[in-house]
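# Examining the three-dimensional arrangement
The residues making up each chain are set out below.
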Amino acid sequence: MPHVVFCVPFFREASMRFVRGILDLPGVRVALVTQDHRSALPAEVDRRLAGHWQVKDGLDGDALVEGVRGCAGQMGRVDRVVGMLEQLQVPLGYVRDRLGIEGMGEAVARNFREKSLMK
């Protein structure tokens, strides 16, 4: 069963649609790293989580590393780290690089984010 940490800085309505979508994937355990407090989660979402870690800055790479490590302490190994926000892709690459998690690393994500590098 894959263990996925989903980085969602804030519990906005659109964000919660993505959270519910990943929770509906069969055979996946999900934890969240957020800037918002867990008590702000809808109850039907909260009870389905394998873990949660609150960080001060949900867009900061080092804070996300701390959060993913915290989630790993709650759910076990982490197989994937994902996030839906465009501005999260470089920090998530940083997290994957630092923690040895499979997926797009920081340099590749930066090439997609920064137009001058993309060209």
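Above this note sits the structure.
An account of the accompanying structure is given in this report. (Residues numbered from 1 in each chain as written. Predicted model: local features only at pLDDT ≥ 70, side-chain atom pairs only at ≥ 80, totals over all residues. Heavy atoms only, no water.)

### What to know about the sheet that holds strand β4 (residues 80–82)
Here we have four strands laid out as an open sheet, ordered β3-β2-β1-β4, and parallel in their pairing. One side of each edge strand has no neighbouring strand; the edge strands of this open sheet are β3 (51–54) and β4. Neighbour-to-neighbour, the strand axes of this sheet turn through a mean angle of 20°, independent of strand direction. Where helix α1 (residues 13–23) meets the sheet, it contacts β1 (3–7), β2 (29–34) and β4, and its direction lies at approximately 180° from that of β1. Each of β1, β2, β3 and β4 touches helix α3 (residues 61–75); the most contacted strand, β2, lies at about 145° to it. (Pairing = 2+ DSSP bridges. Helix = DSSP H or I, 4+ residues; strand = E, 2+ residues; numbered from the N terminus. Axes fitted to C-alpha atoms, helices over the stretch in contact; angles between N-to-C directions. Contact = heavy atoms within 4.5 Å.)

### Regarding the pattern of salt bridges
Considering all chains together, one arrives at eight salt bridges under this definition. Measuring nitrogen to oxygen at the nearest pair gives 3.8 Å for the salt bridge that ties E13 to R17. You can see E13 and its partner R17 sitting in helix α1, four residues apart, about one turn around the helix. Residue classification places R17 among the exposed positions, given a relative accessible area of 53%. (Salt bridge = Lys/Arg side-chain N within 4 Å of Asp/Glu carboxyl O. Buried < 20%, exposed > 50% of the residue type's maximum accessible area, 1.4 Å probe, protein only.)

### So, α3
Its 15 residues give α3 an end-to-end C-alpha distance of 21 Å, which sits within 8% of 21 Å, the value for a rise of 1.5 Å per residue. For α3, every residue scored as buried is listed here: G61, A63, L64, V65, G67, V68, G70, C71 and M75. Where the residues of α3 are buried, they touch β1, β2, β3, β4 and α4 (89–99). Measuring from the backbone nitrogen of D62 back to the side-chain oxygen at the start of α3 gives 3.2 Å, which picks out D60 as the cap. G76 sits one or two positions beyond α3 and adopts a positive phi of about 100°. (Expected span 1.5 Å × (residues − 1). Polar contact = N/O pair within 3.5 Å; in protein donor to acceptor, adjacent residues only side chain to side chain.)

### Some thoughts on the packing of α4 against helix α5 (residues 106–113)
Two elements in contact, α4 and α5, have axes separated by 7 Å at closest approach and are oriented at 170°. With respect to α5, the axis of α4 lies roughly antiparallel. Between α4 and α5, the contacting residues are Q89, V90, G93, Y94, D97 and R98 on the first element and E106, A109, R110 and R113 on the second. Residue composition of the contact of α4 with α5, grouped by class: three nonpolar, two polar and five charged. (Parallel < 35°, antiparallel > 145°, perpendicular 65-115°, else oblique. Nonpolar A, V, L, I, M, F, W, Y, C, P; charged D, E, K, R; others polar.)

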